[in-house]
Amino acid sequence: MGQNAKNKLDKIIHNDNTGIAIILIVLCIITTIINPNFMSKMNVVNMLRKLSQVSFISLCMTLLIISGGIDLSVGSVVGLGGIVAGALMTNGVPVIVAVLIAIGIGVAFGLLNGLLVTKINIPPFIVTLGTMYIAQGLVNVITQGKPVYPLPSSFITIFADVTLFGIPIIIYAMLMFLAGMYFILNSTIYGRSVYAVGGNEKTASTAGIDVVKTRILAYVAMGAASAFTGLLIAARMKSAHPASGGGWEMTAIAATVIGGTSISGGSGSVIGTMFGAAIMAVLEIAMTMMKISVYYQNIVVGIIIIAAVIFDIMKRKRHS
């Protein structure tokens with residue numbers, strides 16, 4: 001084996017994403033051995049569809065956590081996005097207008113979160129906990145606890161039913177979004193600013209980086225992605241349910257942390273997050289196929305999250 005080949009192999013082995021990729025592959029192999037139907041075309045497409053739903057908020061959560069922030073309002077904004085669009089469409093508002101208004105509301109929540117965190121210096125946990133209750137309250141006011149339906153067939157077709165070569169179009173959108181986020185974080189000034197701000201805010205500010213702008217943009221992206229995810233869920237369910245966003249913030253945070261992003265900020269990758277989200281999607285479908293209760297599924301995910309955080313802490317101590 002030549003020196004270049006050895007260097008490439010060594011680089012792959014020591015890549016932060018190699019370990020989690022191996023875990024995902026082993027998990028798929030074990031599940032396939034237990035139930036061969038796991039790798040059927042229909043099941044794979046369903047897993048990718050599930051992955052696509054969580055990918056948008058998980059990738060934006062990665063951006064936000066790397067920058068040193070966090071957002072607990074994601075799930076409520078997911079629900080609000082679907083409810084607002086559904087309420088508007090069922091009252092005759094054109095689909096495109098309703099979609100833009102819903103995403104605009106997500107952007108508004110992201111902007112509010114970003115301004116309160118950066119301008120007034122309120123801890124992100126407190127700010128987003130407050131906006132989480134505000135968004136959930138708006139959902140309840142609009143719906144009075146009742147689902148919104150029927151949604152226009154054109155909306156359902158665009159966001160849930162369109163396929164290309166037998167694969168839902170949303171899966172292609174997920175891959176394009178992943179490529180875009182990878183490019184932003186690894187090949188742009190803004191991406192380098194995100195890592196710098198999350199790593200050491202004071203040093204980043206001294207170096208001339210606009211800390212406020214960097215963090216606000218991350219919160220705005222998070223809000224827009226949350227509302228968009230709400231549209232995907234509403235289209236998939238063919239109705240906008242007031243409880244549809246419940247727990248999605250934890251799903252996004254879990255995928256990000258499992259994917260190797262440091263909860264302390266400053267390090268992480270969108271590729272790792274996609275592996276983390278894929279592990280969660282595979283685990284959910286695998287345990288469902290094995291008829292394991294959803295209660296036990298939550299326990300498994302919780303254990304994995306704690307293990308991932310412990311691993312991150314140990315890794316940072318080794319490098320310190």
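Please refer to the structure placed before this passage.
Residues numbered from 1 in each chain as written. Predicted model: local features only at pLDDT ≥ 70, side-chain atom pairs only at ≥ 80, totals over all residues. Heavy atoms only, no water.

## Thoughts on the packing of aromatic side chains
The description of an aromatic ring pair uses the distance of the two centres, along with the angle that the planes make with each other. To be explicit about the condition: Whether two aromatic rings pair depends on their centres lying within 6.5 Å, for rings of Phe, Tyr and Trp, where Trp uses its six-membered ring; planes under 30 degrees apart make the pair stacked, over 60 edge-to-face, and the rest tilted. Each helix is a run of DSSP H or I of at least 4 residues and each strand a run of E of at least 2, with the numbering of both proceeding from the N terminus. We call a residue buried when its accessible area falls under 20% of the maximum for its residue type, exposed when it is over 50%, and partly exposed in between, using a 1.4 Å probe and counting protein chains only.
All told, the structure shown has four aromatic pairs when counted by the stated rule. Taken together, a centroid distance of 5.1 Å and an interplanar angle of 45 degrees make the contact between Phe56 and Phe177 tilted. With Phe56 in helix 3 (residues 41-66) and Phe177 in helix 8 (residues 169-187), this residue pair connects regions lying 121 residues apart in the sequence. Relative accessible area serves as the criterion here: at 5%, Phe56 is assigned to the buried category. Classification of Phe177 by relative accessible area gives partly exposed; the value is 25%. With centroids separated by 5.0 Å and ring planes inclined at 40 degrees, the aromatic side chains of Phe155 and Phe159 adopt a geometry described as tilted. Separated by four residues within a single helix, Phe155 and Phe159 lie in helix 7 (residues 153-161), roughly one turn from each other. Comparing Phe155 with Phe159 shows no difference in burial state: the two are buried. The rings of Phe56, Phe155, Phe159, Phe177 and Phe228 are connected pair by pair, giving a single aromatic cluster.

## A look at the pattern of salt bridges
Oppositely charged side chains are able to pair whenever their charged atoms sit close together. Basically, it comes down to this: Salt bridge, as used here, is a side-chain nitrogen of Lys or Arg placed within 4 Å of a carboxyl oxygen of Asp or Glu.
A full pass over the atoms with the stated rule returns two salt bridges. The closest approach of N and O atoms between Glu284 and Lys50, which form a salt bridge, is 3.6 Å. Here the residue Glu284 occupies a position in helix 13 (residues 270-289), and Lys50 occupies one in helix 3, the gap between them amounting to 234 residues. For Lys50, a relative accessible area of 28% corresponds to the partly exposed category.

## Quick look at empty space enclosed by the protein
Remark: the empty space left among the atoms is shown by a probe the size of a water molecule rolled over them. Heads up, the rule is: Using only the protein atoms, space was sampled on a 1 Å grid; points where a 1.4 Å probe fits but cannot get out form cavities, open sets with protein on both sides within 12 Å along at least five of seven lines form pockets, and lining residues are those with an atom within 4 Å of a point. Grid points are joined across faces, edges and corners, and a volume is the space filled by probe spheres set on the points.
The full count for this structure, using the stated rule, is one cavity of 30 Å³ or more. Looking at the largest cavity, its volume works out to about 60 Å³. As for the largest cavity, its lining consists of Arg49, Ser52, Gln53, Phe159, Ala160, Ile170, Leu232 and Arg236. Elements represented by at least two residues in the lining of the largest cavity include exactly helix 3, helix 7 and helix 11 (211-237).

## Let's talk about the nonpolar core
Where we set the bar: Remark: nonpolar core denotes a set of buried residues (Ala, Val, Leu, Ile, Met, Phe, Trp, Tyr, Cys) joined through side-chain atoms within 4.5 Å. Between two residues, a contact is recorded if the distance between any of their heavy atoms is within 4.5 Å.
Core analysis: the largest hydrophobic core is formed by 77 residues, its most contacted members being Ile57, Met61 and Phe155. The dominant element in this core, judged by the number of residues it contributes, is helix 3, at twelve residues. Excluding anything up to four places from it in sequence, Ile57 contacts Val74, Val78, Met222, Ala225, Ser226, Thr229, Trp248 and Ala252.

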